[in-house]
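# Structural features, examined
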Amino acid sequence: AACWKLPLAHPSNPIFVAAASWVHPSIQVSTALQQNHSLLYPTTKKKTMMKVADWIISLCLLTSGVSSFTAPGRTSHRAWSTPSTLRRHMAEGDPTGASPPGPPYAGPAVKPILDSITSPEDMNRLNLDELKQLAYELRWETLEAVSKTGGHLSSSLGVNELTVALHYVFDMPEDDIIWDVSHQCYPHKILTGRRFKMAGLRQSGGISGFCKRKESEYDSFGAGHSSTSISAAQGMSIAKSMLKKRKNNCIAVIGDGAITGGMAYEAMNSAGYLKNRMIVILNDNGQVSLPTGTPSAGGVVPASQLSTYTSNLLVSKPFQDIRSFAKSFNKLLPEDIQTVNKRIDEYARGIVSGGTLFEELGFYYVGPVDGHDLDNLVPILEKLRDSPSNKPVLLHLKTVKGHGYPPAEQASDKMHGVAKFNLGTGVQLKGKPAAGPSLTSVFANALIDAATEDRRVVGITAAMPGGTGMDIFGRRFPKRTFDVGIAEQHAVTMGAGMACEGLKPFVAIYSTFMQRGYDQVIHDVAIQNLPVRMVLDRAGLVGNDGPTHHGVYDLSYMGCIPNLIIMAPSDEIELKNMIMTQAAYDDGPTVCRYPRGTGYGPDVLQNLFGYKLEDGQLPAKGEVIPMGKGRIIRRPGAARGKSREDRVAILTIGTRLHEALVAAQQVEEGDPTLGVTVADARFMKPLDVDLVRELADEHSVLITVEEGSIGGFGDHVLHFLTLDGLMDDGDLKFRPMVIPDAYFETGTQHEQYELAGLNAEHIRGTILRLTKRKKAPKLEDVEVER
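This section reports on the structure supplied with the text. (Residues numbered from 1 in each chain as written. Predicted model: local features only at pLDDT ≥ 70, side-chain atom pairs only at ≥ 80, totals over all residues. Heavy atoms only, no water.)

### Some remarks on the sheet that holds strand E9 (residues 364-370)
Pairing is parallel across the open sheet formed by 5 strands, whose spatial order is E6-E7-E8-E10-E9. A single partner strand is all that each edge strand has here, and the edge strands are strand E6 (176-179) and E9. Direction aside, the axes of adjacent strands within the sheet are offset by 20° on average. As paired strands, strand E7 (residues 250-255) and strand E8 (residues 279-284) are joined by 5 bridges and run parallel to one another. Bridge pairing in E8 places Ile251 opposite Ile279. This element, helix H8 (residues 160-169), spans E6, E7, E8 and strand E10 (393-398) of the sheet and lies at about 160° to E6. (Pairing = 2+ DSSP bridges. Helix = DSSP H or I, 4+ residues; strand = E, 2+ residues; numbered from the N terminus. Axes fitted to C-alpha atoms, helices over the stretch in contact; angles between N-to-C directions. Contact = heavy atoms within 4.5 Å.)

### Some thoughts on helix H23 (residues 518-526)
Within the span of H23, buried status applies to Gln520, Val521, Asp524, Val525 and Ala526. The arc that holds every buried residue of H23, seen down its axis, measures 155°, which confines them to one face. Of the surrounding elements, those touching the buried residues of H23 are helix H21 (488-500), helix H22 (511-514), strand E15 (533-539) and helix H24 (554-559). (Buried < 20%, exposed > 50% of the residue type's maximum accessible area, 1.4 Å probe, protein only. Arc of directions from axis to C-beta.)

### What to know about the sheet that holds strand E19 (residues 647-652)
Strand order in the open sheet made by the 5 strands is E18-E20-E19-E22-E23, with mixed pairing throughout. Looking at the sheet topology across the chains shown, the edges are occupied by strand E18 (631-634) and strand E23 (733-737). The sheet shows a mean angle of 25° between the axes of neighbouring strands, direction not considered. Pairing of E19 with strand E20 (residues 675-680), which is carried by 6 bridges, proceeds in the parallel orientation.

### Structural notes on the nonpolar core
In this structure, Leu134, Leu153, Leu166, Ile281, Leu395, Tyr405 and Phe421 are the most contacted members of the largest nonpolar core, which totals 57 residues. Looking at which element gives the most residues to this core, the answer is helix H6 (residues 128-149), with 9 residues. In this structure, Val484, Tyr510, Leu530 and Val692 belong to the second largest nonpolar core, which totals 50 residues. (Core = buried A, V, L, I, M, F, W, Y, C linked by side-chain atoms within 4.5 Å.)

### Considering unusual backbone geometry
Between Met172 and Pro173 the backbone carries a cis peptide bond, its omega angle lying at 5°. Summarising the element assignment, Pro173 is placed in the loop between H8 and E6. Omega for the peptide link from Lys685 to Pro686 comes to -5°, which places this bond in the cis form. Considering the arrangement of structural elements, one finds Pro686 in the loop between strand E21 (683-685) and helix H28 (689-698).

### Quick word on the pairing of E9
In terms of burial, E9 is a largely internal element, 5 of the 7 residues being buried. Pairing of E9 with E10, which is carried by 5 bridges, proceeds in the parallel orientation. Bridge pairing in E10 places Val369 opposite Leu397. As for the winding sense of the linkage, the β-α-β connection from E9 through helix H16 (residues 374-386) to E10 is right-handed. (Right-handed = clockwise from strand over helix to strand, strands pointing away.)

### Some details on the side chain of Thr677
With respect to the helices and strands, the residue Thr677 is situated in strand E20. Here Thr677 falls in the buried class, since its relative accessible area comes to 2%. If near-sequence neighbours (up to four positions away) are discounted, Thr677 is found in contact with Ile632, Arg634, Arg635, Pro636, Val648, Ala649, Ile650, Leu695 and His699.

Now the structure itself:
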């Protein structure tokens, strides 16, 4: 027998390849390696032969997915186990620990270490090599789960090793780990008893894509929006201290995108001042916006000067290991020398980094550290855990978003949010093509049309260029596109400042995120009556992201503000028209809200909505519509609704118009006497009072339908009806159909609107009950699902 003078766990070593191909036929041995006889180095030493045998056995173990076993007949307790270096090479794909080879990409057939973990407590028995194997298995478990459900992928892959280290070092749920935004929490969920619930991730009746306190005791704090973790961790730390709890470990994990939010700095300023014991882990992956790199006025770099600052820290002299060594050496010296060395150390750090912003805020700065290196992460976290100091610490980690999965690492958006995808290739599995374009792209292209006609038009986004369509606008007008990072308050007031000087700013922000800029809408925009154009994407129920992302409150919280004009398009043509209307209006602030989803396409628009399209094509550009004027879309069929008692009016705002038209058809098909009118209000403010009067005068039933909560459009209509005396005679029945006063968990948009009672069948049922064609149940008999 013979072996080679190379590390056995090396893919260029013939015995490595030959042994691998012997125990696993799918591994091919190249002819070149087979013929590379110059590497031969014969030996007959018994120890060497035993080593070869052990390596081959280890290869067998790896390829069968088993980490160790005791051979039959062995009397000793020694068991064969997979050497860590070989395990890493097989797991990671090459000796450098880089991404696995492919495509196609595939994970391990079995996951023995992960199989043994039912809670973080089970990790205590693992050694460092086993933790690395666990991290490998966990990464592929996450990939496999998300490939079947869709969700936030690359954020979870980027904190995979950090998640393992945190749960190994800290003792949850007694210790608190707060994930900022928490879209990166999938590995955390898998390790905390929810592995076999991942098939229902972001599905109706399944688990959330974010942390939720009611879902698990290991979810210390719920999230979905950014920049909240440090505040929560500080509050928990104060409470643990005041209540004299045995341990006080509160860890906030925040990304370099979320830390651009002003609330993060408010919390750091407070924690440094109050000297609360806590650890803030800055997960620095250079991905501030979604996607990062969109052309804008700041170029294609991350939309954050802080990101530039932390990048400079990362490329400066790597002092962390030197400091760790000096610290260990320092403990051996007398106390007076320790003091001198401490001063020298602080001075040296100042020279290296120029002092850090975080230290100026009162934090002890540690880093930068490789966030994928468990050899360093684990002992550093253990030292921080065991430190008696009450000074807050910031641990700066450098990570790669999508780490370990090449399709994610190489994608422009890093596969941040994905649909179901082919695990072997990373190609996302799209559903059948939509009949119409995405509403986000309709908005972006309409804004391009407006900007082409008027050089004063500019766009502002708060770190969401992809979600809001500002990436499309930015490619056409990069110098007129402004990404301010996760800073909605700043975005609104910056827009106000632009309006003061004559620009026409369009501030494009998700409806749910505009909640964060509410005071600025009132104080900086509306009171001064500045023509800031606010465009709220993701209005209404949004589907799988759940309650933290639903845009159901904007009609209520915007509707009570004087000077605002509020409009909502019913379809893609109306969205184009409303963007052009906003661009043309200079007398005050405007709001246009529209939902997540796609347009209906020409066929539906012509056959259901009654559009007369030239050559069956959507109009190329939008047109300005009369401010505050609605429209009647459908009138009753011939010979229907001869008496007022048999006439019903549905007044909608937004895209529930489609469901109202379907319901009207169904009602008339089922009852030859009923006549149903359907109108599109278009505007909530100013309300088209002439249209409301007409509908109230000519119909015995008036129903409003909206994709918003209590206190929105229906309440504005009811307020007018009562003040105008249109309900004084008691001959008008009015019903507002709104999002119920409840939180709607994950599911598809259709499922959520079904639960909310706002689909066509629910509108039809409301009409039949109010016209006494169907008996209405008593409210106390109705079971409301929450």
